[in-house]
Amino acid sequence: MPYHIETWDDIERGHLRKELRQVHLAYVQQQAGIVLAAGAKLNDDGTDAGGGVYIVDVDTREEAERFIAGDPFHAHGLFREVRVQRWRKAFFDRQCLV
């Protein structure tokens, strides 16, 4: 059952995004078995919008929360807010699934 996780950076701790980027990417890669999609939110001009989105395929909310808690961005306090919600995979990989 997929979960959508959206994060918002603490502006005062924004420097952590650049400092922790490589270790964050390594963490997400280690979790590739459950990560359907992930990426930073961007402004229209391509600059960092201060947050990210993850779609993870796990069985419970607790597993989704454990996933984001283990992300170095979260573990080091980059996020001011994190929202975890169940997500229905209705259209995925250019295919309608419902």
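What counts and what doesn't
- Residues numbered from 1 in each chain as written.
- Predicted model: local features only at pLDDT ≥ 70, side-chain atom pairs only at ≥ 80, totals over all residues.
- Heavy atoms only, no water.
- Phe/Tyr/Trp six-rings, centres within 6.5 Å; stacked < 30°, edge-to-face > 60°.
- Helix = DSSP H or I, 4+ residues; strand = E, 2+ residues; numbered from the N terminus.
- Buried < 20%, exposed > 50% of the residue type's maximum accessible area, 1.4 Å probe, protein only.
- Arc of directions from axis to C-beta.
- Pairing = 2+ DSSP bridges.
- UniProt positions renumbered as here; feature names shortened; annotations may be inferred.
- Axes fitted to C-alpha atoms, helices over the stretch in contact; angles between N-to-C directions.
- Contact = heavy atoms within 4.5 Å.
- Salt bridge = Lys/Arg side-chain N within 4 Å of Asp/Glu carboxyl O.

- For the protein, the name recorded in an unreviewed UniProt entry is YciI family protein, with Alicycliphilus denitrificans as its organism.

**What about the packing of aromatic side chains?**
No. 1: Scanning the entire structure with this criterion turns up three aromatic pairs.
No. 2: Geometrically, the ring pair formed by tyrosine 54 and phenylalanine 67 is edge-to-face, given 5.6 Å between the ring centres and 75° between the ring planes. Of the two residues, tyrosine 54 sits in strand β3 (residues 48-57) while phenylalanine 67 sits in helix α3 (residues 61-70), which places them 13 residues apart along the sequence.
No. 3: Judged by its relative accessible area of 4%, tyrosine 54 falls in the buried class.

**As for helix α2 (residues 21-30)**
No. 1: Where α2 is concerned, the buried positions are His24, Tyr27 and Val28. In a view along the axis of α2, the buried residues occupy a sector of 95°, so they form one face of it. Facing away from the buried surface of α2 by more than 90 degrees, the exposed residues are Gln22, Gln29 and Gln30.

**With respect to the pairing of β3**
Regular strands have side chains that alternate between both faces of the sheet.
No. 1: Bridge analysis of strand β1 (residues 2-9) against β3 gives seven bridges, and the strand direction is antiparallel. Each residue of the ladder has a partner; that of histidine 4, found in β3, is isoleucine 55.
No. 2: For strand β2 (residues 35-42) and β3, the ladder comprises six bridges, and the chain directions are antiparallel. Opposite glycine 39, over in β3, you have valine 53 as the bridge partner.
No. 3: The hairpin turn running from β2 into β3, its antiparallel successor, is five residues long, and glycine 46 in that turn takes a positive phi close to 90°.

**Remarks on the UniProt feature "domain: YCII-related" (unreviewed entry) in the protein**
No. 1: UniProt tags residues 15-88 as "domain: YCII-related" (unreviewed entry).
No. 2: In the segment residues 15-88, helix accounts for 39% and strand for 35%; the C-alpha atoms at its two ends are 34 Å apart.

**Things to note about the sheet that holds β1**
No. 1: The four strands are arranged β2-β3-β1-β4 in an open sheet whose pairing can be described as antiparallel. Edge positions in the open sheet fall to β2 and β4 (79-86), since each of these has one partner strand only. This sheet shows a mean twist of 15° between the axes of neighbouring strands, independent of strand direction.
No. 2: Against the sheet, α3 engages β1, β2, β3 and β4, with an angle of about 150° to β4.

**Observations regarding the pattern of salt bridges**
No. 1: This model, assessed by the stated rule, comprises five salt bridges.
No. 2: Taking the shortest distance from any N to any O, the salt bridge between glutamate 81 and arginine 80 comes out at 3.4 Å.
No. 3: The exposure class assigned to glutamate 81 is partly exposed, which follows from its relative accessible area of 24%.
No. 4: Taking the relative accessible area as the measure of exposure, arginine 80 reaches 54% and is therefore exposed.
No. 5: Among the charged side chains, a salt-bridge network with shared partners connects Asp9, Arg17 and Asp48.

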